[in-house]
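Commentary on secondary and tertiary structure
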Amino acid sequence: MGIYDLPDELKEQVVGLLEGTYGDEGAVAERFGLSLEQAEDIMLEANYERCPECGHWVECWELVDEDLEEVPCLSCRE
């Protein structure tokens, strides 16, 4: 089953548990009966990526500067 077949409420719960954390996608996936890939795909679909420096799930726009260069998240840059 692809992530597009999953209920929006479930996707929102996954995002809610992982956003802003370096949370364990494996534990979240297991909690909801998903594969690890599905949990990661849900985050990517919701425009979240892991910061390359700290590993937190942050919104994609945080990882790009004004010159469209890849940078660490806002917390790491402070």
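Note: the structure precedes this text.
Quick caveat, the model's predicted, so the values are computed rather than measured. (Residues numbered from 1 in each chain as written. Predicted model: local features only at pLDDT ≥ 70, side-chain atom pairs only at ≥ 80, totals over all residues. Heavy atoms only, no water.)

Each helix and strand counted, the protein chain has four helices and two strands in total. When the elements of the protein chain are put in sequence order from the N terminus, they spell out α-α-α-β-β-α. Counting only C-alpha atoms, the protein chain reaches 40 × 20 × 15 Å along its principal axes. In the protein chain, buried positions account for 32% of the 78 residues. Taking as baseline every contact in the protein chain between residues at least 6 positions apart, the subset at least 24 positions apart corresponds to 38%. Only carbon and sulfur atoms are counted for the fraction: they give 47% of the accessible area of the protein chain, which is about 5100 Å². Put simply, the protein chain has 4 plus and 22 minus side-chain charges, and the middle of one group is 5 Å from the middle of the other. (Helix = DSSP H or I, 4+ residues; strand = E, 2+ residues; numbered from the N terminus. Buried < 20%, exposed > 50% of the residue type's maximum accessible area, 1.4 Å probe, protein only. Contact = heavy atoms within 4.5 Å. Areas by Shrake-Rupley, 256 points an atom, 1.4 Å probe, with all protein chains shown as cover. Lys, Arg positive; Asp, Glu negative; His and termini not counted. Charge placed at Lys NZ, Arg CZ, Asp CG, Glu CD.)

So, about helix α1 (residues 8-18). Where α1 is concerned, the buried positions are L10, K11, V14, V15 and L18. With its buried residues spanning 135° around the axis, α1 presents them on a single face. When the buried face of α1 is taken as reference, the exposed residues oriented beyond 90 degrees from it are D8, E9 and E12. Summarising the contacts, the buried residues of α1 are in contact with α2 (25-32), α3 (36-45), β1 (48-50) and β2 (57-59). Downstream of α1 by a residue or two, G20 has a phi angle that is positive, lying close to 75°. (Arc of directions from axis to C-beta.)

In this section: the pattern of salt bridges. A full pass over the atoms with the stated rule returns three salt bridges. Across the pair K11 and D8 runs a salt bridge, and its minimum N-O distance is 4.0 Å. With K11 and D8 both in helix α1 and three residues apart, this pair spans about one turn of that helix. On the accessibility criterion, K11 (10% relative accessible area) is buried. Salt bridges linked by common partners bring D8, K11 and E45 together as one network. (Salt bridge = Lys/Arg side-chain N within 4 Å of Asp/Glu carboxyl O.)

No statement about biological role is implied by the geometric values presented.
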